[in-house]
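# Report on the structure
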Amino acid sequence: MAKNKAGEQTLAFLRVPIISTWGTVVGPMEGEGPLGDYFDKILDNNLYEGDKSWEESEQKMMQHSMELALEHAGMSSKDMEFYLAGDLLNQIIVANFTARFFDVPFLGVYGACSTLVEGLALGSTLICGEYADKVGVSVSSHHDTAERQLRFPTEQGVQRPMTAQWTVTGAGSYILGSSGSGIRITHATIGKIKDLGISDTNNMGTAMAPAAFDTIKANLQDLGRKVSDYDLIITGDLGILGLSVLKELMRAEGYVTDNVSDCGVLIYRPDQDTHSGGSGCGCSGVVLSYLLKQMVERRYLRIFLIGTGALLSPISAFQGESIPGIAHGVVLEYC
Amino acid sequence: MEVILKAFLLGGIICAIGQLLMDLTPFNITPGHILVGYVTVGAILSAIGLYQPLIDWGGAGATVPLSGFGHLLAQGAIDGVKNKGLLGAMGGGLESTSVGISAAIVFGLLTAIFFRPRG
Amino acid sequence: MEKEEILRQKHASREKLLAKWVLMNENAKNLVQKEIQMDHQTVIAWEAKAEGEKKKLLMKLRISIDKQQKAFQKIDSLEYKKKAGPLAPKPTTVRNVILAFFFGGLICTIGQLITNLFIANGLLDKDAGTATAAVLIFAGSFFTGLGVYDELGKYAGAGSIVPITGFANSIAASALEAKREGFIYGVGARLFMVAGPVIVYGTVVSILIGLIYFFMR
């Protein structure tokens, strides 16, 4: 058996990757949310001054978040040996156009809203395998670009159902290194696609919850751990409804759920009228920075972060296909 | 005054039916479905003579909802047949609604030219 | 032919599992799913090489294995929906309907006032209706441009979709947002994203009505 694998689905990183620095850029609504103070840059508007399209602005957000992360690390972009990035737009154009700017070896990754954790897992693998010492990971999402691609034009008067989630306008970038101080990524659990027949694009939390549950179970089994071995188990963007479904699934199989939470629940205040909470790559993408700061302050020592993705496309949604859910997890430890 | 109250009541009821359709049916009903449904149903009701009484009673309460647009289409086609026969059946509907369609196209285009989407 | 018979029998015996699938534990389910998958790939390999009648028979077997797999998934899906469904928040239907009634009625009232104004200024009833539609379409487009109509839609629901202003809103919103993709394939083409179906089916129905009327006359 491969020596760096634990159990069925979990990678154990013996040469442990460290998240040294990060950078986050968010939109105004996320800035007003409860975590607003933790983000590096808050835009006044959902558009950068002078930009003609939201797509252009989303690209700038991703780029600026990485530049902030580089600045915090005192690195230049050329010091990144590999750059992994992804987003929600067709053909991941935001990531591709950002990589055009940095001019470093680049792999585009797509896992819908699980992209952050997918990128962290792959970046960690590069470092653990001694293929690199510095790897950059970026993700982004933007409410308006996502809405117009997946649902309705933003100016159209529609009522969002209570189960709908609000795509986060935000970009997060993280620098993984092979040495130094910071938060360590000790394990990654690669998830399986779970599709239990939910086809409502306004109910992604319910579509993704089984995948998240499966990955949590696999991680605990592979590492012989209990839920309480983690200070926090946090999913990427199940939202309020998805989180309650996940907890229901966990309780049904006898797991405790006190320390289970969700980034999409944390990022907005209840009165921000998002209905079921936040979603999108940028959701876990920016909330992770908050979690890392909590770890630096020793509030949490070991976190299991599970990125959750709804792998649908506008075409599959119109054709009435059900939504395949995916979930990958990384174990974060403070050292 | 009575006319206005009737328009409010009838218009409100027609819209409330749309809301019930959106909230209570298990399918995902979008504005597109609602608009197409109302035009089609309005045209059919008009053809069997059930829509004109609504207009006589509620005025704009029946003409402003999109089912009124369907009514215009149907009456246009019927008038077309009366005046021009088969050719009228083809063109009558669009003829009677041409002002509405043209207005929607022109104002839609002007909106795109003069405004920017805010999100 | 004998190898196929074995697969067919395995397939048939699995059919019996459908009834007790809900009660099976996850490991047992995984074993069955794995067996289905293995059988499926075997049949595909045979089918690729077979010809004529035999190929057709194998194709039928493959399709029935497909169906069996979907049947198992369907059971899981229903079970899950039973569990997750009740957790979903219900739409606030009563409030929505009242708001739709109020705002829908309000827009129609405004329409009636405009119509009265046109009639008072000497327009015929029918022309006044058409002119009112044009004014309302202008208003719907204008408030869409100002970014107000989508806010109204949040509260009014069908009350802002069903009136002709809603038709104008869906046209203007689609056109407005496509501005960056240019005026031909962006604005020009997308303008009809929602209006297109309305015009298509409206026209078709009107022609059908015209034809029926023509032949009944």
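Not measured: the values here are computed from a predicted model.

Quick notes on the rules
- Residues numbered from 1 in each chain as written.
- Chains lettered and ligands numbered in written order.
- Predicted model: local features only at pLDDT ≥ 70, side-chain atom pairs only at ≥ 80, totals over all residues.
- Heavy atoms only, no water.
- Helix = DSSP H or I, 4+ residues; strand = E, 2+ residues; numbered from the N terminus.
- Rg over C-alpha atoms; globule rule 2.2 N^0.38 Å.
- Buried < 20%, exposed > 50% of the residue type's maximum accessible area, 1.4 Å probe, protein only.
- Contact = heavy atoms within 4.5 Å.
- Areas by Shrake-Rupley, 256 points an atom, 1.4 Å probe, with all protein chains shown as cover.
- Lys, Arg positive; Asp, Glu negative; His and termini not counted.
- Charge placed at Lys NZ, Arg CZ, Asp CG, Glu CD.
- Expected span 1.5 Å × (residues − 1).
- Domains from an automatic or database assignment.
- Core = buried A, V, L, I, M, F, W, Y, C linked by side-chain atoms within 4.5 Å.
- Buried area = accessible area lost by both parts, 1.4 Å probe.
- Salt bridge = Lys/Arg side-chain N within 4 Å of Asp/Glu carboxyl O.
- Polar contact = N/O pair within 3.5 Å; in protein donor to acceptor, adjacent residues only side chain to side chain.
- Nonpolar A, V, L, I, M, F, W, Y, C, P; charged D, E, K, R; others polar.
- Pairing = 2+ DSSP bridges.

## Thoughts on the overall build of chain C
Of the regular secondary structure elements, chain C holds 11 helices and 0 strands. From first element to last, N terminus to C terminus, chain C shows the α and β order α-α-α-α-α-α-α-α-α-α-α. A globule of 217 residues ought to have a C-alpha radius of gyration of about 17 Å, yet chain C, at 29 Å, is considerably larger. If one aligns the C-alpha atoms of chain C with their principal axes, the spans along those axes are about 90 × 50 × 45 Å. Within chain C, the fraction of its 217 residues that count as buried is 43%. Pairs at least 24 residues apart make up 57% of the contacts formed inside chain C by residues separated by at least 6 positions. Working note: accessible area of chain C is about 11900 Å², and carbon and sulfur atoms make up 67% of it. Chain C carries 28 positive and 19 negative side-chain charges, and their two centres are separated by 2 Å.

## Looking at helix α4 (residues 52-84) of chain C
Helix length check: α4(C) (33 residues) gives 48 Å between terminal C-alpha atoms against 48 Å at 1.5 Å per residue, within 8%. Among the residues making up α4(C), those that are buried are C:Leu58, C:Leu61, C:Ile65, C:Gln68, C:Phe72, C:Ile75, C:Asp76, C:Ser77, C:Tyr80 and C:Ala84. The secondary structure elements touched by the buried residues of α4(C) are α6 (204-223) and α7 (239-252) of chain A together with α1 (2-15), α2 (17-20) and α3 (26-49) of chain C.

## Re the domain arrangement of chain C
Under the domain assignment used here, chain C contains domain 1 (2-87) and domain 2 (93-216). Just the C-alpha atoms count here: the centres of domain 1 of chain C and domain 2 of chain C sit 50 Å apart.

## Here's the deal with the environment of B:Gly42
Residues and elements named next belong to chain B. The residue glycine 42 is located in helix α2 (residues 31-47) in this model. Each C-alpha atom, one on glycine 42 and one on alanine 62, is 9.6 Å from the other, the two residues being 20 residues apart in sequence. Sequence-distant contacts of glycine 42, defined by excluding residues within four places in its chain, comprise Tyr51, Ser67, Gly70 and His71.

## Focus: the nonpolar core
General note: in soluble globular proteins, nonpolar side chains tend to be found buried as a group. In this structure, A:Leu120, A:Leu288, A:Leu291, A:Leu292, A:Leu305, A:Val330 and A:Leu332 are the most contacted members of the largest nonpolar core, which totals 46 residues. Sort the elements by how many residues they give to this core and helix α9 (residues 281-296) of chain A lands first, with 9 residues. Once residues lying within four places of it in the same chain are set aside, the contact partners of A:Leu120 are A:Val137, A:Tyr174, A:Leu176, A:Ile185, A:Leu288 and A:Val330. The next biggest cluster of nonpolar side chains, apart from the first, holds 43 residues, and it includes B:Ile14, B:Ile101, C:Ala133 and C:Ala195.

## Points about unusual backbone geometry
All names here are of chain A. Phi is positive for aspartate 273, close to 60 degrees, though the residue is something other than glycine. For aspartate 273, the position within the fold is in the loop between α8 (263-266) and β13 (278-279). With relative accessibility at 36%, the residue aspartate 273 sits in the partly exposed group. Of note, the phi angle at histidine 275 is positive, near 70 degrees, even though the residue is not glycine.

## Here's the deal with the interface of chain B and chain A
Taken together, the 8 residues of chain B in the interface contact 12 residues of chain A. Taking both partners together, chain B and chain A bury about 710 Å²; carbon and sulfur atoms supply 49% of that area. Counting the surface chain B buries against chain A, the share from its top three residues, B:Pro31, B:Arg116 and B:Gly119, is 50%. Between chain B and chain A we count 0 salt bridges in total. On inspection of chain B and its partner chain A, the count reaches 4 residue pairs in polar contact (both at pLDDT 80 or more). Split into classes, the residues belonging to the side of chain B that touches chain A amount to 3 nonpolar, 3 polar and 2 charged.

## Remarks on the interface of chain B and chain C
With 66 residues of chain B in contact, the opposing surface of chain C contributes 65 residues. Carbon and sulfur atoms make up 81% of the area that chain B and chain C hide from each other, which totals about 5400 Å². If you look at where chain B meets chain C, you find 0 salt bridges. Remark: the boundary between chain B and chain C carries 9 residue pairs in polar contact (both at pLDDT 80 or more). At the level of secondary structure, the elements contributing two or more residues to the side of chain B that touches chain C comprise α1 (2-24), α2, α4 (60-63), α5 (66-84) and α6 (86-114) of chain B. Residues of the side of chain B that touches chain C, tallied by class, amount to 46 nonpolar, 15 polar and 5 charged.

## Overview of the pairing of strand β3 (residues 18-26) of chain A
Residues and elements named next belong to chain A. Within β3, 8 of the 9 residues are buried, leaving the element largely enclosed by the surrounding structure. As defined by bridge partners, β3 adjoins strand β9 (residues 170-177) across 8 bridges and the pair is classed as antiparallel. Each bridged residue has a counterpart across the sheet, and for glycine 23 the counterpart in β9 is serine 173. Of the strand pairs in this sheet, β3 and strand β10 (residues 183-189) are connected by 2 bridges, and their pairing is antiparallel. Bridge assignment links isoleucine 18 to a residue of β10, and that residue is arginine 184. Of the strand pairs in this sheet, β3 and strand β4 (residues 41-42) are connected by 2 bridges, and their pairing is parallel.

## Section: helix α6 (residues 125-145) of chain C
A rise of 1.5 Å per residue sets the reference length of α6(C), with its 21 residues, at 30 Å; its end C-alpha atoms lie 30 Å apart and thus fit the reference within 8%. Buried within α6(C) are the following residues: C:Ala128, C:Ala131, C:Thr132, C:Ala133, C:Ala134, C:Leu136, C:Ile137, C:Gly140, C:Ser141, C:Thr144 and C:Gly145. Looking at the packing, one finds that the buried side of α6(C) touches α6 of chain B together with α5 (93-120), α7 (149-156) and α9 (164-177) of chain C. Immediately downstream of α6(C), the backbone of C:Gly147 shows phi near 80 degrees, a positive value.

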